[in-house]
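As a plain string of letters, each chain reads:
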Amino acid sequence: MNRLTTLLAVSATTALLGGCVFAPPINTQTDAAAVTKMSEQAVATCGAGNVREVNAKSFTCK
């Protein structure tokens, strides 16, 4: 009985840790264009020298 419990526990752990992770491919050209466009919007909104951070989806002002 003890062996069966150990075997089941090891099998369950292996099954849970054996899952795969899917990450979508990153298109760097589109991301670069998006960052450029967002940078222009950030400067227009915040003013030159007042942009804290810019990424492909958003920006923050100082």
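Shown above is the structure to which this text applies.
Here goes a summary of the coordinates provided. Keep in mind the model is a prediction, meaning the values are calculated, not measured.

What about the overall build of the protein?
- Tallying secondary structure elements over the protein gives two helices and two strands in all.
- Starting at the N terminus and walking to the C terminus, you meet the elements of the protein as α-α-β-β.
- With 62 residues in all, the protein has 5% of them scored as buried.
- Look at the contacts in the protein between residues 6 or more apart in sequence, and 3% of them connect residues 24 or more apart.
- Just so you have it, the protein exposes about 5,400 Å², and 62% of that area is on carbon and sulfur atoms.

Quick look at the state of the cysteines
- This model, assessed by the stated rule, comprises one disulfide.
- A sulfur-sulfur distance of 1.7 Å marks the disulfide that ties C46 to C61. With the S-S dihedral at roughly -70°, the linkage between C46 and C61 falls on the left-handed side. Taken together, the residues span a long stretch of sequence, with C46 in helix α2 (residues 28-46) and C61 in strand β2 (residues 59-61) at a distance of 15 residues.
- Given a relative accessible area of 32%, C61 falls into the partly exposed group.

Some details on the pairing of strand β1 (residues 51-54)
- Where β1 and β2 come together, three bridges link them in antiparallel fashion. Looking at β2, one finds that V51 is bridged to C61.
- Linking β1 to β2, which pair antiparallel, is a turn of four residues.

Rules and cut-offs
Counting of residues starts from 1 at the beginning of each chain's written sequence and follows it residue by residue. Side-chain atom pairs in this predicted model are given and counted only at pLDDT of 80 or more, local residue features only at pLDDT of at least 70, and totals for whole chains, interfaces and linings cover all residues. The basis for every side-chain value is the complete set of non-hydrogen atoms in the structure, without hydrogens or water. A run of H or I in DSSP becomes a helix once it reaches four residues, and a run of E becomes a strand once it reaches two; helices and strands are each numbered from the N terminus. The classification of residues rests on relative accessible area computed with a 1.4 Å probe and restricted to protein chains. Under 20% of the type maximum is buried, over 50% is exposed, and intermediate values are partly exposed. In this description, contact between two residues means that some pair of their heavy atoms is separated by no more than 4.5 Å. All accessible-area figures derive from a Shrake-Rupley calculation using a 1.4 Å probe, and residue coverage is judged against the displayed protein chains alone. We call a pair of cysteine sulfur atoms a disulfide when they lie within 2.5 Å. In short, DSSP must find at least two bridges between two strands for them to pair.

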